[in-house]
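Geometric and topological summary
In case you want the letters, here they are:
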Amino acid sequence: GDLDKVVNLLLSLSGRLARVETALGSLGPHAPAEDKLALREKKRLLVAQLEDAKELKEHVGRREEAVGAMVARYLPAEQLQDYQHFVKMKSALIAEQRELEEKIKLGQEQLRCLRESL
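Residues numbered from 1 in each chain as written. Predicted model: local features only at pLDDT ≥ 70, side-chain atom pairs only at ≥ 80, totals over all residues. Heavy atoms only, no water.

**Describing the overall build of the protein**
When you go through the protein residue by residue, the secondary structure sums to three helices and zero strands. Counting from the amino terminus, helix and strand elements in the protein follow one another as α-α-α. Here the C-alpha coordinates of the protein stretch approximately 65 × 35 × 15 Å along the principal axes. Residues counted as buried form 16% of the 118 residues belonging to the protein. Considering only intrachain contacts with a sequence separation of at least 6, the fraction spanning at least 24 residues in the protein is 65%. Each charge class in the protein can be summarised by its mean position, and for the 20 positive and 20 negative side chains these summaries are 3 Å apart. (Helix = DSSP H or I, 4+ residues; strand = E, 2+ residues; numbered from the N terminus. Buried < 20%, exposed > 50% of the residue type's maximum accessible area, 1.4 Å probe, protein only. Contact = heavy atoms within 4.5 Å. Lys, Arg positive; Asp, Glu negative; His and termini not counted. Charge placed at Lys NZ, Arg CZ, Asp CG, Glu CD.)

**Here's the deal with a nonpolar patch on the surface**
There is a patch of nonpolar side chains on the surface, built from Val67, Met70 and Tyr74 and spanning about 330 Å² of accessible area. By the element assignment, Tyr74 lies in helix 2 (residues 33-74). (Patch = residues over 30% accessible without salt bridge, like charges linked within 9 Å, V, L, I, M, F, W, Y side chains within 5 Å. Areas by Shrake-Rupley, 256 points an atom, 1.4 Å probe, with all protein chains shown as cover. Salt bridge = Lys/Arg side-chain N within 4 Å of Asp/Glu carboxyl O.)

**Description of the UniProt feature "domain: ASD2" (unreviewed entry) in the protein**
Within the UniProt annotation, "domain: ASD2" (unreviewed entry) is assigned to residues 1-118. Here residues 1-118 runs as 92% helix and 0% strand, with 45 Å between its end C-alpha atoms. (UniProt positions renumbered as here; feature names shortened; annotations may be inferred.)

**Comments concerning the domain arrangement of the protein**
According to the domain assignment, the protein consists of domain 1 (1-74) and domain 2 (77-117). Averaged C-alpha coordinates put domain 1 and domain 2 at centres separated by 17 Å. Listed as interface residues are 12 residues of domain 1 and, on the opposing side, nine residues of domain 2. Summed over both partners, the interface of domain 1 with domain 2 buries about 920 Å², with 64% contributed by carbon and sulfur atoms. Interface area lost by domain 1 to domain 2 is led by Leu3, Asp4 and Leu11, which between them contribute 38%. In this assembly, domain 1 and domain 2 are joined by one salt bridge. Across the pair Arg19 and Glu102 runs a salt bridge whose closest N-O atoms are separated by 3.7 Å. (Domains from an automatic or database assignment. Buried area = accessible area lost by both parts, 1.4 Å probe.)

**So, the pattern of salt bridges**
Summed over the entire model, instances satisfying the criterion amount to seven salt bridges. For the salt bridge of Glu41 with Arg44, the shortest nitrogen-to-oxygen distance reads 2.6 Å. Linking Glu41 with Arg44, this pair stays in helix 2, spanning three residues, or about one helical turn. On the accessibility criterion, Arg44 (47% relative accessible area) is partly exposed.

Shown next, in the form of structure tokens:
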């Protein structure tokens, strides 16, 4: 459960940071200084939060290793491999699901923009 939450947090922060960086990059040279300053501050906060989330993921990883060592004492080798595979795949699948959700949102937004332009 903690792994799910941390992975979702990392993905969310990464996505938000990417959107802020895109917004910063799309600001023209004549954009108000307040807008640039606000986006830079938001980026700074998101970078700090992302670093905190990475530390949290490392902590969860250490806990996962401790739990894995404990589980290894009680499971046969085949079941232990299944458990380890499950844990690895769960993170990958969460990341993939999040990526697909982002693509769906982007597609829906593009479709909405196309409809409005017609």
